[in-house]
Amino acid sequence: MSAAALLALAAALCFAIAQILIQYGLRTVPSWRSPLYSIGGSAILAWLFALIFVDFGRVHLEAVAIFAGVGLIFPVLVSILSVRSNEKLGPAVAAAVGNVSPLFAVLGAVLFLGERPGPGQMAGLAMVIGGVALLALRGGSGGRQWPLWVLVLPLSAALVRGAVQPAIKTALALWHEPMAAAAIGYTLSTVVILLLVGRRAWRTGPADRRGVMWFTLVGVFNGAATFLLYAALGLGSITLVAPLVALFPLLAVGLSLIFLRGERLPLIGLLGVVTCAAGVIVLLVAR
């Protein structure tokens, strides 16, 4: 197996582990407070790597402005939506539905660029929609009962994740420093989350240290996954790396069975997760 493939699988594993750790953190810290620690943890990790590997002597101010602008909504908005999704749906279902960003990319190309999806893309679209439909049939885990609208949370996270990619790619073309992009984006997202919930957190007093630790680890694993993904893309093609990273919902299912015994998916839920993941992979490799 190539180094790019190994790095991509490592990124998928880190994304999956972060989904599991969210459940541990939610036991002692409310969901509204969690991004303070997960985004802050990612920001610290990003700056540690950036200070080591980034050549700031060649900084491009326009690229920095774009990275900062993106940071005002990403990853802070995705983090809020992801934690709420995980809380309501469980890690496996939240990961599967939140992983459908390629669906919006293809639909955007059809609606705004006039592109016609090929047979492979049509098959992938059908699989993703079918997988989400199966999950809408209450294929949740842990005996959860949730209204249909809750699926809007991970779908919105996927939409935001996909929508910011063109801006990030544009900025990276000006200054190809992914580590700097992550550090700047996470810093601005930290500022946003402080403005949103900082005062409320101050009024309610210190959070449980165990929850702070868990959500800090969530940020570390999400940050590590991002860095591994960038490293994999530096060594291999998108068609190799992206499908392997898209396997992380299936890894989340396996980890749930091992570490979260109350998070067992019914058969229809497992089928929905597998169908979503397979549909995303088809979308990524289809021409």
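Structure: above.
Fair warning: this is a prediction, and the values are worked out from it, not measured in the lab.

Participant: In this structure, what is going on with a nonpolar patch on the surface? I would like to understand it.
Facilitator: Residues L107, V110, L111 and F112 make up a contiguous nonpolar surface patch of roughly 430 Å² in combined accessible area. Residue placement: L107 occurs in helix 6 (residues 101-112). For L107, a relative accessible area of 37% puts it in the partly exposed group.

Participant: Would you take a moment to explain the packing of helix 4 (residues 76-89) against helix 8 (residues 152-163) for this structure?
Facilitator: When two helices pack together, you describe them by how their axes are tilted relative to each other and by the distance separating the axes. In the contact formed by helix 4 and helix 8, the axes pass within 8 Å of each other and the chain directions differ by 155°. Put simply, helix 4 runs roughly antiparallel to helix 8. Considering the relative orientation of helix 4 and helix 8, their crossing is left-handed. Judged by residue contacts, L77, V78, L81, S82, R84, S85 and L89 of helix 4 engage L153, P154, S156, A157, V160 and R161 from helix 8.

Participant: Before we go on, may I ask you to explain helix 13 (residues 248-259) in this structure?
Facilitator: An α-helical turn contains 3.6 residues, so any two residues separated by three or four positions project in the same direction. With 12 residues, helix 13 extends 16 Å between its outermost C-alpha atoms, agreeing within 8% with the 16 Å of an ideal straight helix rising 1.5 Å per residue. Every buried residue of helix 13 is listed here: F248, P249, A252, V253, L255 and S256.

Participant: I keep staring at the nonpolar core and nothing clicks. Help me out?
Facilitator: Note on soluble globular proteins: their nonpolar side chains tend to be buried together. Counting residues in hydrophobic clusters, the biggest one holds 58 residues, and the most contacted among them are F67, L135, L151, W175 and F215. A8, A232, A252 and L260 belong to the second largest nonpolar core, which has 20 residues in total.

Participant: In this structure, what is going on with the packing of helix 6 against helix 14 (residues 267-285)? I would like to understand it.
Facilitator: It is the contact of helix 6 with helix 14, at a shortest axis distance of 9 Å, that shows an interaxial angle of 45°. In terms of orientation, helix 6 lies oblique with respect to helix 14. Our pair here, helix 6 against helix 14, has a crossing hand that is left-handed. Facing helix 6, whose interface residues are P102, L103 and V106, helix 14 presents V280, L283 and L284. Looking at the contact of helix 6 with helix 14 residue by residue, the classes come out as 6 nonpolar, no polar and no charged.

Reading the values: rules and limits
- Residues numbered from 1 in each chain as written.
- Predicted model: local features only at pLDDT ≥ 70, side-chain atom pairs only at ≥ 80, totals over all residues.
- Heavy atoms only, no water.
- Patch = residues over 30% accessible without salt bridge, like charges linked within 9 Å, V, L, I, M, F, W, Y side chains within 5 Å.
- Areas by Shrake-Rupley, 256 points an atom, 1.4 Å probe, with all protein chains shown as cover.
- Salt bridge = Lys/Arg side-chain N within 4 Å of Asp/Glu carboxyl O.
- Helix = DSSP H or I, 4+ residues; strand = E, 2+ residues; numbered from the N terminus.
- Buried < 20%, exposed > 50% of the residue type's maximum accessible area, 1.4 Å probe, protein only.
- Axes fitted to C-alpha atoms, helices over the stretch in contact; angles between N-to-C directions.
- Parallel < 35°, antiparallel > 145°, perpendicular 65-115°, else oblique.
- Left-handed = near helix turned anticlockwise from the far one by under 90°.
- Contact = heavy atoms within 4.5 Å.
- Expected span 1.5 Å × (residues − 1).
- Core = buried A, V, L, I, M, F, W, Y, C linked by side-chain atoms within 4.5 Å.
- Nonpolar A, V, L, I, M, F, W, Y, C, P; charged D, E, K, R; others polar.

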